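Chain by chain, the residues run as shown.
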Amino acid sequence: ILPESVMAELAEMDAIYLGSVGHPDVTPGILEKGILLKIRFEFDQYVNLRPIKLYPGVWTPIKDKGPEDIDFMVVRENTEDMYVGIGGTMKQDTPDEVALQTAVYTRKGTERIIRYAFELCRKRARKHTLHMVDKANVLTYGHGLWTRTYAEVGKEYPDIKQEHAFVDACCMWFVKNPEWFDTVVTTNMFGDIITDLGAMIQGGMGVAASGNVNPEGVSMFEPIHGSAPKYTGQNVICPIATIAAASMMLDHLGETEAAAAIERAISEALSSGK
């Protein structure tokens, strides 16, 4: 899907702007592994950034909550966990089939994403609160590493209030009390799940943008949704997520005024009633 010549060309860029991909005739997993995961892993885009932001004029399914309540950032680890593809099967397609999928967590990978989240929380300068989301009460070893690393790195950030939530409780609180959240850091798998929940409380996939960031290398920005051929020609697909991803990309490239201009344009368009 992406020949090495294309990867070499992308390696010379500062950023990649990716449109949505997907088609119902393509077996699930082919495009995800061949494009998205290939780029994320080869360019070590270890930070997945997901703003959960309810724009003015956008409907949310959460009663009595508005833009002032839903405005936080999820920092998802992007290159470890079950996505590394370590595992296998034996006795496939028999009653005795066994399947293994190994989740991988490293101290390096865990520390760098947690440190990134602390720095981002400080830069956002909103509530100065960082939530770490895991399931350490069950996933003892891997998420135990997360818990210990979070506590150790946190000593360097006394100005940041450090909170913790198990992922099931986090899902509950995203819906019940989204205003509690400022910055959230979590593992790859749980980040994948809770950011779709976040997309719904901010009004849907059509307004949900994301960044795959390597702070020292090539980063990629995209809407979190795939393409939707079944809606072709119906004039119902929302382009806002793709436009918001461009704003994130410009901010990453240091073009802060241009990024802010796009954000203002999005807010004005969505709140216009049109």
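Scroll up to find the structure.
The rules behind these values
- Sequence order as written defines residue numbering, which begins from 1 separately in each chain.
- Side-chain atom pairs in this predicted model are given and counted only at pLDDT of 80 or more, local residue features only at pLDDT of at least 70, and totals for whole chains, interfaces and linings cover all residues.
- Hydrogens are left out, water is left out, and the side-chain values use all remaining heavy atoms of the structure.
- Each helix is a run of DSSP H or I of at least 4 residues and each strand a run of E of at least 2, with the numbering of both proceeding from the N terminus.
- The quantity called the radius of gyration is restricted to C-alpha atoms. Its globule counterpart is 2.2 Å times the number of residues to the power 0.38.
- Each residue gets one of three labels from its accessible area relative to the maximum for its type: buried under 20%, exposed over 50%, partly exposed in between, using a 1.4 Å probe on protein chains only.
- Throughout, a residue-residue contact means that at least one pair of heavy atoms, one from each residue, lies within 4.5 Å.
- For this analysis, a ring pair means two rings from Phe, Tyr or Trp (six-membered ring only for Trp) whose centres lie within 6.5 Å, classed as stacked if their planes differ by under 30 degrees, edge-to-face if by over 60, and tilted for the remaining angles.
- Think of it this way: DSSP has to see at least two bridges between two strands before they count as a pair.
- Angles shown run from 0 to 180 degrees and are taken between the N-to-C directions of axes, each axis being a line fitted to C-alpha atoms and, for helices, limited to the stretch in contact.
- The angle between axes fitted to the seven residues ending at a residue and the seven residues starting there is what we call the bend at that residue.
- Within this scheme, the nonpolar core is defined by two criteria: the residues are buried Ala, Val, Leu, Ile, Met, Phe, Trp, Tyr or Cys, and they are joined through side-chain atoms within 4.5 Å.
- Polar contacts here mean pairs of N or O atoms no more than 3.5 Å apart (in protein, one a potential hydrogen donor and the other a potential acceptor; neighbouring residues in sequence count only if both atoms are side-chain atoms).

Colleague: Outline the overall build of the chain, supporting the account with residue identities and numerical values.
Modeller: Check the secondary structure of the chain and you find eight helices and 10 strands. Rg of the C-alpha trace for the chain: 19 Å, near the compact-globule value of 19 Å for 274 residues, within the 12% margin. Expressed as lengths along the three principal axes of its C-alpha atoms, the size of the chain is roughly 60 × 50 × 40 Å. Taking all 274 residues of the chain together, the buried fraction comes to 44%. Considering only contacts within the chain whose residues lie at least 6 apart along the sequence, 74% involve residues at least 24 apart.

Colleague: Help me get a handle on the packing of aromatic side chains, residues and values and all.
Modeller: The full count for this structure, using the stated rule, is six aromatic pairs. Judged by centre distance (4.9 Å) and plane angle (55 degrees), the rings of Phe-72 and Phe-174 are tilted. Taken together, the residues Phe-72 in strand E3 (residues 71-77) and Phe-174 in helix H5 (residues 167-176) connect sequence positions 102 residues apart. Summarising the burial analysis for this pair, Phe-72 and Phe-174 share the class buried. Here a set of aromatic residues connected by ring pairs shows up, and it is made of Phe-72, Phe-174 and Phe-181.

Colleague: Summarise the sheet that holds strand E7 (residues 161-166); cite the residues concerned and give the values.
Modeller: Two pairing modes exist for strands in a sheet, parallel and antiparallel, and in both the strands are linked by backbone hydrogen bonds. Strand order in the open sheet made by the eight strands is E1-E10-E9-E2-E3-E8-E6-E7, with mixed pairing throughout. Single-partner strands in this sheet number two, and they are strand E1 (15-17) and E7. Between one strand axis and the next, the sheet turns by 20 degrees as a mean value, whatever way the strands run. Inspection of the sheet shows strand E6 (residues 129-134) paired to E7 by six bridges, in the parallel sense. Bridged to Val-133 within E7 is Ala-165. The strands touched by helix H7 (residues 240-252) are E1, strand E2 (47-53), strand E9 (209-213) and strand E10 (219-223); relative to E10, the strand with the most contacts, the crossing angle is about 160 degrees.

Colleague: Help me get a handle on helix H2 (residues 30-42), residues and values and all.
Modeller: Owing to its 3.6 residues per turn, the α-helix aligns residues three or four sequence positions apart on the same side. The largest bend along H2 reaches roughly 30 degrees and is located at Leu-36. Residues of H2 that are buried: Leu-31, Gly-34, Ile-35, Leu-36, Leu-37, Lys-38, Ile-39 and Arg-40.

Colleague: Give me the lowdown on the environment of Gly-198, citing residues and values where you can.
Modeller: Topologically, Gly-198 is positioned in helix H6 (residues 188-201). Residue classification places Gly-198 among the buried residues on the basis of a relative accessible area of 0%. With 146 residues separating them in the primary sequence, Gly-198 and Ile-52 have C-alpha atoms 5.8 Å apart.

Colleague: Tell me what's going on with the pairing of E6, and back it up with residues and numbers.
Modeller: With six of six residues buried, E6 lies mostly within the body of the structure. Side chains Thr-129, His-131 and Val-133 of E6 all project onto a buried face; the interleaved residues Leu-130, Met-132 and Asp-134 project onto the opposite face, where all are buried too. Summarising the sheet, E6 and strand E8 (residues 183-186) pair through four bridges and their orientation is parallel. Within the sheet, the bridge partner assigned to Val-133 lies in E8 and is Thr-186.

Colleague: Report on the nonpolar core, specifying residues and quantitative values.
Modeller: Membership of the largest hydrophobic core comes to 50 residues, with the highest contact counts inside it found for Phe-72, Val-75 and Val-185. Top contributing element to this core by residue count: helix H3 (residues 107-124), with six residues. Here Val-75 is in contact with Val-47, Asn-48, Leu-49, Ile-113, Tyr-116, Ala-117, Leu-120, Thr-183, Val-184, Val-185 and Thr-186, once residues within four sequence places are set aside. The next biggest cluster of nonpolar side chains, apart from the first, holds 12 residues, and it includes Ile-16, Ile-35, Ile-39 and Val-218.

Colleague: So what's going on with the side chain of Asn-188? Residues and values would help.
Modeller: Here Asn-188 shows up in helix H6. Classification of Asn-188 by relative accessible area gives buried; the value is 1%. At a separation of 2.8 Å, a polar atom in the side chain of Asn-188 contacts the side chain of Arg-76. A distance of 3.1 Å separates a polar atom in the side chain of Asn-188 from the backbone oxygen of Glu-80.

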